[in-house]
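Working through the structure, step by step
Now for the letters of each chain:
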Amino acid sequence: MSKYYEPNKLLAMKDLNGRKPAIYICDGNRSSGKTTAFYKLAVDEFLQEGKKFCLLYRYKYELEDCAGKFFDVIHSIFFPQYEMTSKSGSGGMYHYLFIKQKDSEDDPVCCGYAVAINLSDKLKKVGNVLCDTETILFDEFQLENGTYCPNEVKKFQSLYYTIARGGGLQSRDVRVIMIGNSTSLMNPYYVKFGIVQRLREDTRFLRGKGWVLEHNFNESASRAINESAFTSAFSDSDYVQYATNNRYLRDSNTFIEKPTGTGRYMCTIKCEGHEYGLLEYRDDGFIYVSDKADGTFKFKIAVDLPDHSTNYVLLSHYDSYIANLRFLFDHGSVRFKNLRCKSAFMRLLNYSME
């Protein structure tokens, strides 16, 4: 068995319906070779089969030197005889990627593109440029700081449909490969796919409708990091546990517990399309956040603009009420049914989950 990650098993999987998936997700501990393996795969498929790929970033500024950031990962190890360059198009809205052999007099050949999720609306107008993409590579789809694009999942969907049209077809099968370290189960993609509720500590592979996931643990990488002198200086930190033991960095089960007795319903909050109930358990001395809401209760708060709808009021109108909830949380007087409830409450308070 190789000490570095190999993607063959994940790529051979069928989804929950027995169909070829559109989305392949790979997360795991750091330094296992996940990114290297999939970057190599993309270049190999272009050189051998002419299949173009598209690198997915979040913001326009990240597109600068996209060829260097991508190719430096694999160049010296697998493709020392090649060089890769990039050229911006439409005022930097997207970038072309070009590859050629160093000693060749031939012109560089376009092997793919780089685009930004946050430009999804503007990219609709230039979808014809990207219409020969066959694989989308989305590295670092989980973020350590938990700060994603506004409405990122919707923008991701929009961008996919932009890339997947063309070639004489209304929709093409474009493979998406999402790569990341095990940062948080509460990342917006795992929430959307329902992975939050299904992934367990011993889960290795998971199937969904249209997607498959590999939760990879590379023992060699874990051992190498653990044995370093730098790691020994921070041996008891959460970050070391995340980097070496495949624990999700941003997730904590603190304050997740089931109350006793009957609570008094206080209000409903809506976050990312889901409703949560806030209840007061006076005898226990805390507020409880549940994933079950009372649809008849009139006091309803929308966490942000996309959740704002009939009968909901934006939280900016309840500053004093939110301040009181923040005070209760700061003093350890809030409990949660699960991590999803905790994440929604943190959004309500505008805290980060650290």
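Residues numbered from 1 in each chain as written. Predicted model: local features only at pLDDT ≥ 70, side-chain atom pairs only at ≥ 80, totals over all residues. Heavy atoms only, no water.

1. A closer look at the packing of aromatic side chains
Within a pair of aromatic rings, the relevant descriptors are the distance that separates the centres and the angle that separates the planes. All told, the structure shown has 25 aromatic pairs when counted by the stated rule. Consider the rings of Phe79 and Tyr82, whose centres lie 6.4 Å apart with planes at 80°: the pair is edge-to-face. Assigned by exposure class, Phe79 and Tyr82 land together as buried. Consider the rings of Phe255 and Phe329, whose centres lie 6.4 Å apart with planes at 70°: the pair is edge-to-face. Residue Phe255 is found in the loop between α11 (238-245) and β10 (264-271), and its partner Phe329 is found in helix α12 (residues 319-330); the two are separated by 74 residues along the sequence. Through a chain of ring-to-ring contacts, three or more aromatic side chains come together here, namely Phe138, Phe141, Phe156, Tyr189 and Tyr190. A cation over a ring is seen here: Lys40 above Phe78, with NZ or CZ 5.2 Å from the ring centre. Positioned over the ring face of Tyr57 is Lys69, at 5.1 Å from the centre of the ring. (Phe/Tyr/Trp six-rings, centres within 6.5 Å; stacked < 30°, edge-to-face > 60°. Buried < 20%, exposed > 50% of the residue type's maximum accessible area, 1.4 Å probe, protein only. Helix = DSSP H or I, 4+ residues; strand = E, 2+ residues; numbered from the N terminus. Lys NZ or Arg CZ within 6 Å of the ring centre and 35° of its normal.)

2. A few points about the environment of Lys122
By the secondary structure assignment, Lys122 is in helix α5 (residues 120-123). Exposure remark for Lys122: the relative accessible area of 51% places this residue in the exposed category. Remark: the alpha-carbon pair of Lys122 and Met93, spanning 29 residues in sequence, is separated by 7.9 Å.

3. Some points on the sheet that holds strand β9 (residues 211-216)
Think of a sheet as strands paired side by side through backbone hydrogen bonds, with each pair either parallel or antiparallel. Here we have 9 strands laid out as an open sheet, ordered β3-β4-β5-β2-β6-β7-β1-β9-β8, and mixed in their pairing. Looking at which strands have only one partner, the edges of the open sheet turn out to be β3 (82-89) and β8 (205-207). Strand after strand, the sheet turns through a mean of 20° between neighbouring axes, direction not considered. With 5 bridges joining them, strand β6 (residues 133-139) and strand β7 (residues 175-181) adopt parallel strand pairing. Looking across to β7, one finds that Leu137 is bridged to Ile177. Contacting β1 (23-28), β2 (52-57), β3, β4 (94-101), β5 (109-116), β6 and β7, helix α2 (residues 34-49) runs over the sheet at an angle of about 155° to β7. Here helix α6 (residues 152-164) sits on the sheet in contact with β2, β5, β6 and β7, set at roughly 160° to β6. (Pairing = 2+ DSSP bridges. Axes fitted to C-alpha atoms, helices over the stretch in contact; angles between N-to-C directions. Contact = heavy atoms within 4.5 Å.)

4. Examining the packing of α12 against helix α13 (residues 339-349)
Taken N-terminus to C-terminus, the directions of α12 and α13 make an angle of 125°; their axes are 10 Å apart at the nearest point. With respect to α13, the axis of α12 lies oblique. As for how α12 packs across α13, the hand of that crossing is left-handed. Here α12 contributes Ile322, Leu325, Arg326 and Phe329 to the contact with α13, which in turn contributes Phe345, Met346, Leu348 and Leu349. Tallied by class, residues from the contact of α12 with α13 come to 7 nonpolar, no polar and 1 charged. (Parallel < 35°, antiparallel > 145°, perpendicular 65-115°, else oblique. Left-handed = near helix turned anticlockwise from the far one by under 90°. Nonpolar A, V, L, I, M, F, W, Y, C, P; charged D, E, K, R; others polar.)

5. Re the pattern of salt bridges
Tallying each qualifying case throughout the model produces 12 salt bridges. The closest approach of N and O atoms between Lys100 and Glu83, which form a salt bridge, is 4.0 Å. Highlighted residues: Lys100 in strand β4 and Glu83 in strand β3, separated in sequence by 17 residues. Residue classification places Lys100 among the buried positions, given a relative accessible area of 15%. Residue classification places Glu83 among the partly exposed positions, given a relative accessible area of 33%. The partner of Lys124 in a salt bridge is Asp121, and the shortest N-O contact between them spans 3.5 Å. Its relative accessible area of 53% is what places Asp121 among the exposed residues. One salt-bridge network, held together by shared partners, links Arg264, Glu280 and Arg282. (Salt bridge = Lys/Arg side-chain N within 4 Å of Asp/Glu carboxyl O.)

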